[in-house]
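# Overview (structure and organization)
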Amino acid sequence: MRVAVNGAKGKMGQTVVEFVQNHSSLELAAAIDLGDDLAAEVKNNSADIVVDFTRPEVRMETVKSTLFSGASAVVGTTGFTPEDLDTIKGWIKETGKGCFIAPNFIVGNVLMQQFAKQAARYYEYAEIIEYHHQQKVDFPSGTAVKTAELMSEEREKFNIGTNDQVANIEGSRGGDYKGIKLHAVRMPGFVASQEVILGDSGQYMTIRHDSIERTSYMPGILMASEYIHDKAELVYGLEHIL
Ligand SMILES: NC(=O)C1=CN([C@@H]2O[C@H](COP(=O)(O)OP(=O)(O)OC[C@H]3O[C@@H](n4cnc5c(N)ncnc54)[C@H](OP(=O)(O)O)[C@@H]3O)[C@@H](O)[C@H]2O)C=CC1
Ligand SMILES: O=C(O)C1=N[C@H](C(=O)O)C[C@H](O)C1
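Per an unreviewed UniProt entry, the chain goes by 4-hydroxy-tetrahydrodipicolinate reductase and derives from Endozoicomonas numazuensis. Of the comments in the UniProt record for the chain, the one headed Sequence similarities (unreviewed entry) reads "Belongs to the DapB family." According to its UniProt record, the chain has this under Subunit (unreviewed entry): "Homotetramer."

Dropping the structure here:
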């Protein structure tokens, strides 16, 4: 499978390039970054797949250019909205190429999300704390948003409400997604960690996952690439192919 990497000079892109170069069933078609012509690189190098780790603000133009250039998209870049996904479904129908988007490509992290979803219905209080390196430009993380979305689906089924308080210092209770509090820590030393704390009378439970090296994302990226390369589908979340 011929893989082009978009965002190739970035922290994730560099890791993906090295992984592709060292994998027996993958060929590096192109290493693309800011200022390069993605469509031309895809066509001139006969890329089957574009693996994208760039910026939230260019997420849609990147997917569109990939699909209409004849490649399938495997996208880690965060920031996609439900409206974006509907638009992408139309592009897939037009092009016959597939798109796999995952807020997190680590199997262990996706398991954490699923465990949190499973537990969410049993606890009134829920908070998500995500920890990332200081260079991360967006917050909260796409993983935290996805986790909160999954948990809220369960909480709403069981009418589990919010727990509003009045803050002495604005923002000190973090962000709020349907009653789930979200906190983003940015600190050198972290790669990517998240914990979900669920609480109720007399107890609390913490579900946590830590990524300490970006190689942890590679198996999930490979799984997604092998799944989507010959399918005209939109997949949102690695859990759908585990
Ligand atoms: N889904 C997942 O499992 C994961 C998702 N991510 C997400 O991936 C994204 C990238 O993360 P990370 O690698 O740490 O970020 P980096 O900033 O390290 O890398 C992004 C790269 O993309 C380049 N870039 C910016 N704009 C464009 C463009 N229009 N076309 C091509 N390249 C461009 C940047 O160039 P320049 O620096 O010059 O702007 C940079 O080289 C983020 O949204 C992050 O949240 C990260 C890890 C895992
Ligand atoms: O920027 C990162 O590093 C990461 N971003 C993704 C997110 O926003 O969820 C995935 C992971 O947390 C690492």
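## Concerning the site of ligand 2
Ligand 2 sits among Thr78, Pro103, Asn104, His132, His133, Lys136, Asp138, Ser141, Gly142, Thr143, Ala192 and Tyr217. Contact between ligand 2 and Lys136: an oxygen atom at 2.7 Å from a side-chain N or O atom of the residue. At 2.9 Å, a backbone N or O of Gly142 approaches an oxygen atom of ligand 2. Relative to its unbound accessible surface of 320 Å², ligand 2 loses 83% to contact with the protein.

## Brief notes about the site of ligand 1
Not every one of the 23 residues close to ligand 1 is listed here, only the nearest: Lys11, Arg55, Thr78, Ala102 and Phe105. Here Asp33 contributes a side-chain N or O atom positioned 3.0 Å from an oxygen atom of ligand 1. Lys136 places a polar side-chain atom, nitrogen or oxygen, 3.0 Å from an oxygen atom of ligand 1. Contact with the protein chains covers 80% of the free accessible surface of ligand 1, which is 920 Å².

## Details of the packing of aromatic side chains
Where two aromatic rings form a pair, the distance of their centres and the angle of their planes describe that pair. Scanning the entire structure with this criterion turns up four aromatic pairs. Note on Phe100 and Tyr227: the rings are 6.4 Å apart at their centroids and 75° apart in plane angle, and the pair reads as edge-to-face. Of the two residues, Phe100 sits in strand β5 (residues 99-101) while Tyr227 sits in helix α7 (residues 218-228), which places them 127 residues apart along the sequence. Overall, Tyr227 belongs to the partly exposed group, its relative accessible area being 26%. An aromatic cluster is defined as three or more aromatic residues linked by ring pairs; in this entry it consists of Phe53, Phe100, Phe105 and Tyr227.

## Some remarks on the domain arrangement of the chain
Segmentation of the chain into domains returns domain 1 (2-101 + 215-236) and domain 2 (107-211). Of note, the centres of domain 1 and domain 2, computed from C-alpha atoms alone, are 28 Å apart. The partner domain 2 presents eight residues to the seven residues of domain 1 that form the contact. Together domain 1 and domain 2 conceal approximately 650 Å² of surface at their shared face, both sides included; 56% is due to carbon and sulfur atoms. Contact with domain 2 buries area across many residues of domain 1, yet Lys11, Thr78 and Tyr236 alone supply 53% of it, more than any other trio. Where domain 1 touches domain 2, the interface holds zero salt bridges. If you look at where domain 1 meets domain 2, you find three residue pairs in polar contact (both at pLDDT 80 or more). Here the side of domain 1 that touches domain 2 is built from residues that sort into four nonpolar, two polar and one charged.

## Quick word on the pairing of strand β1 (residues 2-6)
Burial runs high along β1: four of the five residues are buried. Pairing of β1 with strand β2 (residues 27-32), which is carried by five bridges, proceeds in the parallel orientation. Bridge assignment links Asn6 to a residue of β2, and that residue is Ile32. Crossover β1 to β2 through helix α1 (residues 11-21) is right-handed. In this structure, β1 lies alongside strand β3 (residues 49-52), joined through four bridges in parallel fashion. Opposite Val3, over in β3, you have Ile49 as the bridge partner.

## Side note on unusual backbone geometry
Put simply, Phe139 and Pro140 share a cis peptide bond, and its omega is -10°. Mapped onto the elements of the fold, Pro140 is located in the loop between β6 (125-132) and α6 (142-157). Positive phi, normally seen in glycine, also occurs at Ser46, with a value near 50°. Within the secondary structure layout, Ser46 lies in the loop between α2 (38-44) and β3. Even without a glycine there, the phi angle at Asn159 is positive, about 50°. Secondary-structure assignment places Asn159 in the loop between α6 and β7 (175-177). Asn159 sits in the exposed class, given a relative accessible area of 70%.

Each value, and the rule that gives it
- Residues numbered from 1 in each chain as written.
- Chains lettered and ligands numbered in written order.
- Predicted model: local features only at pLDDT ≥ 70, side-chain atom pairs only at ≥ 80, totals over all residues.
- Heavy atoms only, no water.
- UniProt positions renumbered as here; feature names shortened; annotations may be inferred.
- Near = heavy atom within 4 Å.
- Polar contact = N/O pair within 3.5 Å; in protein donor to acceptor, adjacent residues only side chain to side chain.
- Areas by Shrake-Rupley, 256 points an atom, 1.4 Å probe, with all protein chains shown as cover.
- Phe/Tyr/Trp six-rings, centres within 6.5 Å; stacked < 30°, edge-to-face > 60°.
- Helix = DSSP H or I, 4+ residues; strand = E, 2+ residues; numbered from the N terminus.
- Buried < 20%, exposed > 50% of the residue type's maximum accessible area, 1.4 Å probe, protein only.
- Domains from an automatic or database assignment.
- Contact = heavy atoms within 4.5 Å.
- Buried area = accessible area lost by both parts, 1.4 Å probe.
- Salt bridge = Lys/Arg side-chain N within 4 Å of Asp/Glu carboxyl O.
- Nonpolar A, V, L, I, M, F, W, Y, C, P; charged D, E, K, R; others polar.
- Pairing = 2+ DSSP bridges.
- Right-handed = clockwise from strand over helix to strand, strands pointing away.

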